[in-house]
Amino acid sequence: MTTTTPRSVGSAMSRVEGLDKVTGRARYASEYTPRDLVHAAPVQSTVARGEIRAVDIDGALKCPGVIAAIWYGNAPRLAPTDDPELAVLQSPRVAYRGQYVAVVMAETLQDAREAASRVRVEYAAERHDVELRADHPGLYRPDQVNPDLPADVEQGDPDAALASAPVVVDATYTTPAEHNNPMEPHATVAEWDADGLTLHDSNQGASAVRDTLAPLFGLPPAHVQVISPHVGGGFGAKGTPWSPTVLAALAAKQAGRPVKLTVTRQQMFAVTGYRTPTIQRVRLGADAGGRLTAIVHEAFEQSSTVREFAEQTTTPTRMMYAAPARRTTHRLVRLDVPTPSWMRAPGEAPGMFALESAMDELAIACGLDPIELRIRNEPDTDPESGLPFSSRNLVACLREGARRFGWADRDPTPGVRRRGRLLAGTGVAASTYPVYRRPSQASVRAEPDGWFTVRIAAADIGTGARTVLTQIAADALRTPVSRVRVEIGDSALPTASLAGGSMGTASWGTAVVRACEALVDELDRRGGDLPAEGVEASADTTEEISGQQRFARHAFGAQFAEVGVDTDTGETRVLRLLGVFAAGRIINPATARSQFIGGMTMGLSMALLEESVLDREFGDYLNHDFAQYHIATCADVPDIQAFWVEEDDPHLNPMGSKGIGEIGIVGTAAAVANAVHHATGVRVRDLPIRLDRLVGQDMFHGSSP
């Protein structure tokens, strides 16, 4: 193949599945309706800790249309698992309120829900403990934090450095529990046949779901097929299987018919993960010129009694700024709550809120511009590992963002800019996210009709993965995108890593490029002779990724915010939001911009709105729907812009790309909080920035409590 075609990578190609989505041809998990389908309605625990004494299903079985009801006493047995969250209906123990304790199957969803309401469960309730506190006696140091990082890292003598530092910031910041809330709730249609189990499931990685569920049901992986061609968002909540998927498979096994289980919005606040609340103490020591001499960042978090999950909250502090003495720690307590898990930018999102808020406080204490302070503390190499950065363009992002935002005209005095009833202010924060890449496999076939078919078990959760993989494959094959079709979202396809950790394009793209290169070589060897059955090539990137050179690989960015705070009500509005990012080569400017502004919108939501409110008496979250759990809408982001700097990094992957799905959220909350301080003089260290945290404060004289 020696054809020369225009390059597709770098162009703003429209989504290849866009027409299918707007016309309704794209089918999501709950839209599959196999023959003889029945519906499942789970029953949730009404206590936060205890044991089931008895379950009365007689009332449910008498309801019209009911097929069966199962609970731990009659449920099919599962194989032992190292994730007890998946041991659904296997024990009478209750570990948190809302945990599944039974399920009813019926001919219609309405019949199933009515019957489920007739199930009577008797509990031996026990006293529960659901509140995270920095002085909780159960706090301990986990062996590691997500994904496999050391819980604590210390370099130098930070205590001595803080004691001798001319300027010290010592502040505590908190973030609440937050729930992922993708547009499409979790849903599974499970069907058993002689060959095994088939799942139409909403997830972020069909291969991972297959490999998790197969041993649970005592099946070889080849006998479990997971199909998820279209997914309506995940934000980490669909990164691994949760109890609803297992429960659907159990129910189908018991009923002997296909079963559909769609998680309600309310149930998602108990059974599909969330971001742990955090309490973070940050101490910064600096010389008179603002150069850091010490950084100490301590995080307190929660997990469940079912399974340990430790969010990596302080890890970005380890590499963000230069300082000779540093300590970062994590302490965890196991409470009677659901298990937290990944939520967009786990670790970086809450951790950078605290660090970047503290950096803003340090800039004020040193009498420095916040951008200048960050530039003065720019490291030459990764402060934690000593490795060289593959590329690091944070300073370029800060300077380009300042130029575009009009930062040079900023008066640093807080609480002095009035626009009618509004106090206006601006803030900045830096952001970062690590560059991950995981082994994947891909195949590509040259078809007799002139098309090329690329197959990989990747997941498109709304990010545009299909589209960018089409572009990547077209360039590697030296053919127009109009001749490439990409098949994804099926565990029967070559195994792929999940869509998470901002690593999808890097991981899948590498496998696709290598498979395409192998096919091009084979076609060249054949001299263009294509047999009737076509020609196929495949690739597995395991060896390539394990042998990659050692660099500190990260994306960087800078977010700028302008806010207006109503002096009468304390209501905060974000008037402008701008981000500039350094994320390697941008594969598709249209989908990239969508990811950046989506992440920034979620960061704005984190700053001003999102908060899962714990009910200490009953042990669960009170605001478990969109009527009470508020997220940002279009009206909340009137002016949001995303840009990027050109970055050529040869140490990443064949495309030269970095992940962009999560970095947008990382610095935004701190930028908004810093802007609120600039507007009002009130430093809000506890998210979200509710009006009650501003009303009653002196927002006219720059005072800070």
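What counts and what doesn't
Residues numbered from 1 in each chain as written. Predicted model: local features only at pLDDT ≥ 70, side-chain atom pairs only at ≥ 80, totals over all residues. Heavy atoms only, no water. Helix = DSSP H or I, 4+ residues; strand = E, 2+ residues; numbered from the N terminus. Expected span 1.5 Å × (residues − 1). Polar contact = N/O pair within 3.5 Å; in protein donor to acceptor, adjacent residues only side chain to side chain. Buried < 20%, exposed > 50% of the residue type's maximum accessible area, 1.4 Å probe, protein only. Contact = heavy atoms within 4.5 Å. Pairing = 2+ DSSP bridges. Patch = residues over 30% accessible without salt bridge, like charges linked within 9 Å, V, L, I, M, F, W, Y side chains within 5 Å. Areas by Shrake-Rupley, 256 points an atom, 1.4 Å probe, with all protein chains shown as cover. Salt bridge = Lys/Arg side-chain N within 4 Å of Asp/Glu carboxyl O. Lys, Arg positive; Asp, Glu negative; His and termini not counted. Charge placed at Lys NZ, Arg CZ, Asp CG, Glu CD. pLDDT = per-residue confidence, 0-100. Axes fitted to C-alpha atoms, helices over the stretch in contact; angles between N-to-C directions.

### Observations regarding helix H15 (residues 589-608)
Move 1: With 20 residues, H15 should reach 28 Å at 1.5 Å per residue; the first-to-last C-alpha distance of 28 Å fits that figure.
Move 2: Structurally, the start of H15 carries an N-cap: the backbone nitrogen of Ala590 is 2.9 Å from a side-chain oxygen of Asn588.

### A short note on the side chain of Thr314
Move 1: Within the fold, Thr314 resides in the loop between strand E16 (292-304) and helix H8 (317-320).
Move 2: Judged by its relative accessible area of 0%, Thr314 is buried.
Move 3: With residues near it in sequence (within four places) discarded, Thr314 still touches His297, Glu298, Ala299, Thr328, Thr329 and His330.

### Details of the sheet that holds strand E4 (residues 93-94)
Move 1: Ordered by their spatial adjacency, three strands build an open sheet running E4-E2-E6, and the pairing between neighbours is antiparallel. Each edge of the open sheet carries a strand with a single partner, namely E4 and strand E6 (120-125).

### Let's talk about helix H13 (residues 504-526)
Move 1: In this model, H13 (23 residues) spans 33 Å end to end at C-alpha, consistent with the 33 Å of a helix rising 1.5 Å per residue.
Move 2: Gly527 occupies a position one or two residues after H13 and carries a positive phi of about 65 degrees.

### Describing a negative patch on the surface
Move 1: Residues Asp36, Glu191, Asp193 and Asp195 make up a contiguous surface patch of negative charge.
Move 2: The residue Asp36 is located in the loop between helix H1 (18-23) and strand E1 (38-44) in this model.
Move 3: Classification of Asp36 as partly exposed rests on a relative accessible area of 47%.

### Observations concerning the confidence of the model for the protein chain
Move 1: Per-residue pLDDT for the protein chain has a mean of 96; in total, 98% of the residues score no lower than 70.
Move 2: In the model, residues 701-705 has pLDDT below 50 throughout and makes twelve contacts with residues more than four positions away in sequence or in other chains.

### Observations concerning the sheet that holds strand E22 (residues 484-487)
Move 1: Strand order in the open sheet formed by four strands is E22-E21-E20-E23, with mixed pairing between adjacent strands. Of all strands in the sheet, those with a lone pairing partner are E22 and strand E23 (535-540), marking the two edges. Strand-to-strand, the axes of this sheet are offset by a mean angle of 15 degrees, without reference to chain direction.
Move 2: As paired strands, strand E20 (residues 441-446) and strand E21 (residues 452-455) are joined by four bridges and run antiparallel to one another. Bridged to Arg445 within E21 is Thr453.
Move 3: On top of the sheet, helix H12 (residues 465-477) reaches E20, E21 and E22; it is set at about 130 degrees to E22, its chief contact.
Move 4: Most of the contacts of H13 go to E23, to which it runs at about 140 degrees, and overall it touches E20, E21 and E23.

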